[in-house]
Amino acid sequence: MKIFHTADWHLGKLVQGVYMTEDQEYVLNQFLEAIDEEQPDVVIIAGDLYDRAVPPVEAVNLLDSILAKIVLKRKIPVLSIAGNHDSPTRVGFGQKLLMESGLYIVGEQSENIEPVIINDEYGEVHFHLIPFSEPSTVKHVFGDDSISNYNDAMKKIVDVIEQKMDKSKRHVFIGHAFVTPHGEMEENTSESERPLSIGGSEYVSAEIFKPFNYTALGHLHKAHYVLNETIRYSGSPLKYSSSEANHEKGFLIVNLDAEGQVSVEKRPFKPRRDLRIIEGSMQEILRHDISEDYVFVRLTDLTPVVGAMEQIRTVYPNAMHVERKALQHQSITAEGEVIHREQMDDLSLFKAFYQEILDDSPTELQIKLFEEVLDEMLTEERETKVAVVNQ
């Protein structure tokens, strides 16, 4: 079976005040061309179809158009789930009706987890669609008070799937989570993706997914595998922040053979405009060839530059941001590493702020209190978005 694995489309994304809809349509048309060329048996979109719970009309129309061209025109089934940016009820609306057309979208976690079964020349492949859910939601759905974090929640879901799993069949898991090899803390691959939780409770161990022949993940924007090559993030189709400037964006072509063995090929997208970081003095930059790319500019001039953005846009008309490197906010780690503030997570920013103001490090109790408050705010923010959509 040939599977196209993609995720994190973030339709309706706004980057530095620029809507990326036309750029998204540009690469998604390449996706359609690849479908015509490769003729996959199924397409997976592993969450974050939209960038926010209530997306702009243009984003909704684009998703409708692309899915119709895949499912209705090309007759290829699409399997998708809600991510942490999506509204579960919005993306899951009409689920039973859409299934008749070959579009399977799961928005909310259900106690009754039934696989989508698709056949190839070797028999059945069972696809398990698990949308992003807060641990509190999973605790409520399954009535399990022992669930306290995302790892507990995912383990519970996989345990439920395993109880009814036909081991003679091939199985593919589709999920949206922050997965690390053993559930340890790791840096996010993009500053455009907010943390799911604070204090280590957002991380999920890749060891949980051992029962599956392939695990198709969404959430992290850099394509990579976790623990082994059958547990993979496809990454986002476009660069959505300066932290992603060095990413190679695209999608994965997954081949699943009769025995359930997997081979994976990465297929890159060519963006309408690249997103790059440019560094140099104003005089150096003004000598560059004119480019339509999206650029983040770091000026090395030691003195202030009057009308910096206006000058830069004579060469880079789509420049998104400019700053003087000499004035960049930086912090020094205990190991002497220089870290720019815009690359720091919320907890690191808190520690740096505390150090600057009080010339001391926060206590473990203060760090714990900060993590608890921030975690509550992040959860409340997601729940508020969902509540607004449901009204």
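Residues numbered from 1 in each chain as written. Predicted model: local features only at pLDDT ≥ 70, side-chain atom pairs only at ≥ 80, totals over all residues. Heavy atoms only, no water.

The chain carries the name Nuclease SbcCD subunit D in an unreviewed UniProt entry, which gives Ureibacillus acetophenoni as its organism. The Function (unreviewed entry) comment attached to the chain in UniProt states, word for word, "SbcCD cleaves DNA hairpin structures. These structures can inhibit DNA replication and are intermediates in certain DNA recombination reactions. The complex acts as a 3'->5' double strand exonuclease that can open hairpins. It also has a 5' single-strand endonuclease activity." (UniProt positions renumbered as here; feature names shortened; annotations may be inferred.)

Q: Help me understand unusual backbone geometry in this model?
A: One can expect most non-glycine residues to show negative phi and most peptide bonds to be in trans. Backbone geometry places His 10, a non-glycine residue, at a positive phi of 50°. Examined against the element boundaries, His 10 turns out to sit in the loop between strand E1 (2-6) and strand E2 (14-15). Of note in the backbone geometry, Gln 16 takes a positive phi value of approximately 50° without being a glycine. As for its position among the elements, Gln 16 is in the loop between E2 and strand E3 (18-19). Given the relative accessible area of 46%, Gln 16 is considered partly exposed. (Helix = DSSP H or I, 4+ residues; strand = E, 2+ residues; numbered from the N terminus. Buried < 20%, exposed > 50% of the residue type's maximum accessible area, 1.4 Å probe, protein only.)

Q: Mind showing me how you'd approach the packing of aromatic side chains here?
A: Pairs of aromatic rings are described using the distance from one ring centre to the other and the angle between the two planes. Counted according to the given criterion, the structure contains 10 aromatic pairs. Seen in terms of ring centroids, Trp 9 and Phe 31 are 6.2 Å apart; in terms of plane orientation they differ by 80°. Their pairing is edge-to-face. Linking Trp 9 in the loop between E1 and E2 with Phe 31 in helix H1 (residues 21-38), this pair joins segments that are 22 residues apart in sequence. Considering the side-chain rings of Phe 178 and Tyr 203, the 4.7 Å spacing of their centres and the 75° angle between planes classify their relative orientation as edge-to-face. Here the residue Phe 178 occupies a position in strand E10 (residues 178-180), and Tyr 203 occupies one in strand E11 (residues 203-205), the gap between them amounting to 25 residues. No difference in accessibility class separates Phe 178 from Tyr 203, as the two residues are buried. One aromatic cluster is present, built from ring pairs that chain together Phe 4, Trp 9, Phe 31, Phe 251 and Phe 269. (Phe/Tyr/Trp six-rings, centres within 6.5 Å; stacked < 30°, edge-to-face > 60°.)

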